[in-house]
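Here are the chains, one letter per residue:
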Amino acid sequence: PSMSVVAIVGAGPIGAATAQRLACRDSGRHVRLVDASVDAASGKALDIQQAGPVENFNTRLSAAADILAAAAADVIVVADRIAEGEWRDGDGRHLVATLARAGTKAPIVFAGPSQFALMEHAYAEFGVAAHRLVGTAPSALVSAVQMLAGVEMDAAAADVTVVGRPLSFVVGWSAATSGGSLVSDRVPAHRLLAISNALPRLWPPGPDAIGAATARIVDAIVHGARRHLPALTILEGELGARGKAVMLPLELGRLRVLSHALPSLSPQERTELVNGLS
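Analysis parameters
Residues numbered from 1 in each chain as written. Predicted model: local features only at pLDDT ≥ 70, side-chain atom pairs only at ≥ 80, totals over all residues. Heavy atoms only, no water. Axes fitted to C-alpha atoms, helices over the stretch in contact; angles between N-to-C directions. Helix = DSSP H or I, 4+ residues; strand = E, 2+ residues; numbered from the N terminus. Parallel < 35°, antiparallel > 145°, perpendicular 65-115°, else oblique. Left-handed = near helix turned anticlockwise from the far one by under 90°. Contact = heavy atoms within 4.5 Å. Nonpolar A, V, L, I, M, F, W, Y, C, P; charged D, E, K, R; others polar. Salt bridge = Lys/Arg side-chain N within 4 Å of Asp/Glu carboxyl O. Buried < 20%, exposed > 50% of the residue type's maximum accessible area, 1.4 Å probe, protein only. Core = buried A, V, L, I, M, F, W, Y, C linked by side-chain atoms within 4.5 Å. Phe/Tyr/Trp six-rings, centres within 6.5 Å; stacked < 30°, edge-to-face > 60°. Lys NZ or Arg CZ within 6 Å of the ring centre and 35° of its normal. 1 Å grid on protein atoms, 1.4 Å probe; cavity = no way out; pocket = protein on both sides within 12 Å on 5 of 7 lines; lining within 4 Å. Points joined across faces, edges and corners; volume = space filled by probe spheres on them.

## Looking at the packing of helix α4 (residues 89-101) against helix α5 (residues 116-124)
And then number 1: Put simply, α4 and α5 touch, their axes get as near as 10 Å, and they point 40° apart. By the criterion of interaxial angle, the relationship of α4 to α5 is oblique. Relative to α5, the crossing made by α4 is right-handed. Across from Gly92, Arg93 and Val96 in α4, the residues of α5 making contact are Leu118, His121 and Ala122.
And then number 2: Partitioned by chemical class, the residues of the contact of α4 with α5 number three nonpolar, two polar and one charged.

What follows is the structure in structure tokens.
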């Protein structure tokens, strides 16, 4: 894993931001941008590469035009194209089908805000195992919620869990903490509700926020992480749902989703989560 190759399918704003963040983390020895607009993708790869001496990373970057250039990578990130935008709908299903026919066994990380449906198609239509599928765009919202809660308390970011799926996110305020105390003891209920109600207006996150969240998730998939990280995973019967993409805290490592946790939620929060999956 320390010598991993990460292929990013799509060199649009999200793909380029993810490549830049991965390079700065030195998460793999090689990041490959795959885009039909290969000249532009090559230019972006070169720009990132030239920052290596300044940013102190050794990751090599390259570009390719053929989707099959991603098939042999250790991790595949599905992002957005320079010309056509986010991989989704028919084009997205064709992409997943192409990778599946090529025999790839790599985990597939879906970075686009609209790609939770594509995750579900990969599982249901193409038989990609749930432990190989991760979605990262909603992960970028968690940091925003934690910072907003911190602002309410005039403190550092709170430890807050956000679960669910676009646009039915549920904030676990009942168990959220900051500095050893419950957030609900320090912030009025109407202010916490205001933060929860703001989530649809914060969706989708910007490319830089998604790139940072995606790079963190990919790094954990390759190298492991000391804590669970929030990301979309495919449920296989939990919470009464099968084949649905939902954000939960994930244990990542060894190039797969090792497990997911059902966080502590109040009865009302749990009901909101289940209703959002129907």
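Now, onward.
## Observations regarding the pattern of salt bridges
And then number 1: Taken as a whole and assessed by the stated rule, the structure comprises five salt bridges.
And then number 2: Here arginine 25 and aspartate 219 are joined by a salt bridge, their closest N and O atoms 3.4 Å apart. Here aspartate 219 lies in helix α9 (residues 207-223) and arginine 25 lies in helix α1 (residues 13-25), a separation of 194 residues in the sequence.
And then number 3: A relative accessible area of 39% places arginine 25 in the partly exposed class.
And then number 4: Arginine 81 is the partner of aspartate 91 in a salt bridge, and the nearest nitrogen-oxygen pair spans 3.3 Å. Here aspartate 91 is found in helix α4, whereas its partner arginine 81 is found in strand β5 (residues 80-81), with 10 residues between them in sequence.

## Some details on the nonpolar core
A general trend in soluble globular proteins is that nonpolar side chains are found buried together.
And then number 1: Ile8, Phe110, Leu133 and Trp173 are the most contacted members of the largest nonpolar core, which has 88 residues in total.
And then number 2: With seven residues, the single largest contributor to this core is α9.
And then number 3: Dropping the residues within four chain positions of it, tryptophan 173 is found in contact with Val145, Ala149, Val160, Val183, Ser184, Leu192, Ile195, Ser196 and Glu269.

## Structural notes on the packing of helix α6 (residues 139-153) against helix α8 (residues 189-202)
And then number 1: Axis separation between α6 and α8 bottoms out at 11 Å; the angle between their running directions is 150°. Every pair of crossing elements has a handedness; the one defined by α6 and α8 is right-handed. Note on element contacts: α8 touches α6 through Arg191, Ile195, Leu199 and Leu202, opposite Leu141, Ala144, Val145, Leu148, Ala149 and Glu152.
And then number 2: Taken together, the residues that form the contact of α6 with α8 break down as eight nonpolar, no polar and two charged.

## Observations concerning the packing of aromatic side chains
And then number 1: For the structure on display, the rule yields one aromatic pair.
And then number 2: Taking NZ or CZ as reference, arginine 81 lies 4.0 Å from the ring centre of tryptophan 87, over its face.

## Some thoughts on the layout of surface pockets
And then number 1: Considering only enclosed or pocket space, the largest pocket measures out at about 360 Å³ in volume.
And then number 2: Forming the boundary of the largest pocket are 21 residues, of which Gln146, Asp159, Val160, Thr161 and Arg227 lie nearest the centre.
And then number 3: Secondary structure elements with two or more residues in the lining of the largest pocket: α6 and β13 (229-236).
And then number 4: Take the lining of the largest pocket: its biggest share by element is four residues, from α6.
And then number 5: Split into classes, the residues belonging to the lining of the largest pocket amount to 10 nonpolar, eight polar and three charged.
And then number 6: Space inside the second largest pocket adds up to approximately 290 Å³.
And then number 7: Together, 16 residues line the second largest pocket, and Val171, Trp173, Leu193, Ser196 and Glu269 are the ones closest to its centre.
And then number 8: When residues of the lining of the second largest pocket are traced back to their parent elements, those giving at least two are β10 (168-171), α8 and α10 (267-277).

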